[in-house]
Amino acid sequence: MQFTGAVTVGAGHFEFQWARPTQHLQQTDWAEHADTVAALGHPLRLTILQHLLEGERTVAQLVDELGLASTGVAYHHLTSLQAAGWVTSPRRGAWALPAPRIVPLLTILIALEKG
């Protein structure tokens, strides 16, 4: 299985090439990925990731852009995303989608399309 291409989003331009033998994928313990996938299972978390795809945001920006009731709500979801490796905090109070996570996230979204 191989993915190759380029993507340009607000966070920048990224070129990628990943390849894994199908046998390797079949023999891997898929359960090890449960927490990473589960972190994507909340609508607000997906919306946060969608905003971070456009570039780094502060918590205050996310609260404002998403109309959240408090920074506590934002931090709760950002902490879950960070624990799963989907976001990083490159500087105090700011959050970003790391470049190596952009293509996997977009690939998951493509795989979830119906039809």
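Residues numbered from 1 in each chain as written. Predicted model: local features only at pLDDT ≥ 70, side-chain atom pairs only at ≥ 80, totals over all residues. Heavy atoms only, no water.

**Section: the packing of aromatic side chains**
Argument step 1. Throughout the structure, instances matching the rule amount to two aromatic pairs.
Argument step 2. Between Phe16 and Trp18, the aromatic rings sit 6.0 Å apart at their centres with planes inclined by 40 degrees, giving tilted as the arrangement.
Argument step 3. Ring plane angle 70 degrees and centroid distance 6.5 Å describe the contact between Tyr75 and Trp95, whose orientation is recorded as edge-to-face. Taken together, the residues Tyr75 in helix α5 (residues 71-83) and Trp95 in strand β4 (residues 94-95) connect sequence positions 20 residues apart.
Argument step 4. For Tyr75, a relative accessible area of 36% puts it in the partly exposed group. (Phe/Tyr/Trp six-rings, centres within 6.5 Å; stacked < 30°, edge-to-face > 60°. Helix = DSSP H or I, 4+ residues; strand = E, 2+ residues; numbered from the N terminus. Buried < 20%, exposed > 50% of the residue type's maximum accessible area, 1.4 Å probe, protein only.)

**Here's the deal with the pattern of salt bridges**
Argument step 1. For the coordinates displayed, the defined rule picks out two salt bridges.
Argument step 2. A salt bridge links Glu56 to Arg91; its shortest N-O distance comes to 2.7 Å. With Glu56 in the loop between α3 (43-52) and β3 (57-58) and Arg91 in the loop between α5 and β4, the pair connects residues that are 35 residues apart, well separated along the chain.
Argument step 3. Residue Glu56 is classed as partly exposed on the basis of its relative accessible area of 36%.
Argument step 4. According to the relative accessible area criterion, Arg91 is partly exposed, its value standing at 47%.
Argument step 5. When the shortest N-O distance is used, the salt bridge between Arg57 and Glu65 registers 2.9 Å.
Argument step 6. Note on Arg57: relative accessible area 15%, which makes it buried. (Salt bridge = Lys/Arg side-chain N within 4 Å of Asp/Glu carboxyl O.)

All quantities given are derived from atomic positions and should not be read as evidence of function.
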